[in-house]
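Structural overview for review
Here is how the chains run, residue by residue.
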Amino acid sequence: MKKVGLYFGTFNPIHIGHLVIANHLVEFTDLDEVWFVITPQSPFKTKQSLLDNHHRHQMVLEATEEYPKLKPSTIEFNLPQPNYTTHTLVHLLEKYPSGYNFSLIMGEDNLKSFHKWKNYEVILNNHDIYVYPRVSSGNIEHQFKNHSKIKIVEDAPIMEISSTFIRKNHKLGKNITPLLPKAVFKYMDEMNFYR
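Presented here is an overview of the structure given in this document. This is a predicted model, so every value here is computed, not measured.

**Concerning the packing of aromatic side chains**
One pass over the full model with this rule turns up 16 aromatic pairs. Between the aromatic rings of Tyr120 and Phe144, the centroid separation amounts to 5.9 Å while the plane-to-plane angle is 90 degrees, which identifies the pairing as edge-to-face. Within this pair, whereas Tyr120 is found in helix α5 (residues 120–126), its partner Phe144 is found in the loop between β5 (129–132) and β6 (150–152), the two being separated by 24 residues in sequence. Its relative accessible area of 14% is what places Tyr120 among the buried residues.

Given below as structure tokens:
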């Protein structure tokens, strides 16, 4: 049984913070692989700063090429919008009926609002959740403290890098290359993204 951690995000663009967290989880927990589940462009929201699905997929592909345990996933690209994590999990279980065990990866900030997610009880009953530290305010709901399905990865590095910061400062002409895998910066630069 292959244990796969699902790391959801727009990855607009994917940066070293994402890779550091995913790699830490795959090397220092019982996860065998981490899949970057790329959230599609919603047809209901046209965010001008959000690149097309295939471009963000290409950047995740470039970023993970040297890491065999990290993989991009386009599973949500063909699901109805707006999409919920609970629906994606059902779809994954239908697509991979055996041999895979899917867990969620989320930041501590998301755990604080997890009780507001659609079908969060169903998710928690059927999947482990790996939580990495984030600098955030608010409290974790009492029901999630010491929960057998919630695994707090306390020694994971705290990464305070955001894609928003990268996009904004790239547009301003700042040098943001250290924040991105080389191949991602090269692709972004050649395509003239976020200018």
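From this point, the narrative continues.
**Some remarks on the pairing of strand β2 (residues 33–38)**
A large share of β2 lies buried, amounting to 6 of its 6 residues. Alternating residues of β2 divide into Glu33, Trp35 and Val37 and Val34, Phe36 and Ile38, and every residue in both groups is buried. Taken together, the 6 bridges between strand β1 (residues 2–9) and β2 define a ladder with parallel strand orientation. Pairing of Leu6 across the sheet is with Trp35, part of β2. Crossover handedness for the path β1 to helix α1 (residues 16–28) to β2: right-handed. Pairing of β2 with strand β3 (residues 70–73), which is carried by 4 bridges, proceeds in the parallel orientation. The residue of β3 that forms the bridge with Val37 is Ser73.

**Considerations on the sheet that holds β3**
Paired through their backbone hydrogen bonds, the strands of a sheet run either parallel or antiparallel. Strand order in the open sheet formed by 6 strands is β3-β2-β1-β4-β5-β6, with parallel pairing between adjacent strands. The outermost strands of the open sheet, each flanked by one partner alone, are β3 and β6. With strand direction ignored, the average angle separating the axes of adjacent strands in the sheet is 30 degrees. Sheet strands touched by α1: β1, β2, β3, β4 (100–107) and β5. Its angle to β2, the strand with the most contacts, is close to 145 degrees.

**Side note on helix α6 (residues 163–171)**
Within α6, the full set of buried residues consists of Ser163, Ile166, Arg167, Asn169 and His170. For α6, the secondary structure elements touched by its buried residues are α1 and α7 (182–190). Remark: Gly173 follows α6 within two positions and exhibits a positive phi of approximately 85 degrees.

**A closer look at α1**
Between the first and last C-alpha of α1 there are 18 Å, a value that for 13 residues agrees with the 18 Å anticipated at 1.5 Å per step. Looking only at α1, the buried set comprises Gly17, His18, Leu19, Ile21, Ala22, His24, Leu25 and Val26.

**A look at unusual backbone geometry**
A negative phi angle is the norm for most residues apart from glycine, just as the trans form is the norm for most peptide bonds. The linkage connecting Asn12 with the following residue, Pro13, adopts the cis geometry, with an omega of 5 degrees. Secondary-structure assignment places Pro13 in the loop between β1 and α1. In this structure, Pro82 follows Gln81 across a cis peptide bond, with omega equal to -10 degrees. Considering the arrangement of structural elements, one finds Pro82 in the loop between β3 and α3 (85–95). Positive phi values are uncommon outside glycine, yet Asn119 reaches one of about 55 degrees.

**Observations regarding the packing of helix α2 (residues 53–64) against α7**
Relative orientation of the contacting elements α2 and α7 amounts to 150 degrees, with a least axis distance of 7 Å. In this view, α2 runs roughly antiparallel relative to α7, as classed from their interaxial angle. Crossing of α2 over α7 shows right-handed handedness. Packed against α2, whose contacting residues are His55, Gln58, Met59, Glu62 and Ala63, the element α7 presents Ala183, Val184 and Tyr187 at the interface. Partitioning the contact of α2 with α7 into residue classes produces 5 nonpolar, 2 polar and 1 charged.

**Quick look at the side chain of Ser103**
Mapping Ser103 onto the fold places it in strand β4. The exposure class of Ser103 is buried, given its relative accessible area of 0%. Not counting the four nearest positions on each side in its chain, Ser103 is found in contact with Lys3, Val4, Gly5, Leu6, Leu31, Asp128 and Tyr130.

What counts, and where the lines are drawn
Residues numbered from 1 in each chain as written. Predicted model: local features only at pLDDT ≥ 70, side-chain atom pairs only at ≥ 80, totals over all residues. Heavy atoms only, no water. Phe/Tyr/Trp six-rings, centres within 6.5 Å; stacked < 30°, edge-to-face > 60°. Helix = DSSP H or I, 4+ residues; strand = E, 2+ residues; numbered from the N terminus. Buried < 20%, exposed > 50% of the residue type's maximum accessible area, 1.4 Å probe, protein only. Pairing = 2+ DSSP bridges. Right-handed = clockwise from strand over helix to strand, strands pointing away. Axes fitted to C-alpha atoms, helices over the stretch in contact; angles between N-to-C directions. Contact = heavy atoms within 4.5 Å. Expected span 1.5 Å × (residues − 1). Parallel < 35°, antiparallel > 145°, perpendicular 65-115°, else oblique. Left-handed = near helix turned anticlockwise from the far one by under 90°. Nonpolar A, V, L, I, M, F, W, Y, C, P; charged D, E, K, R; others polar.

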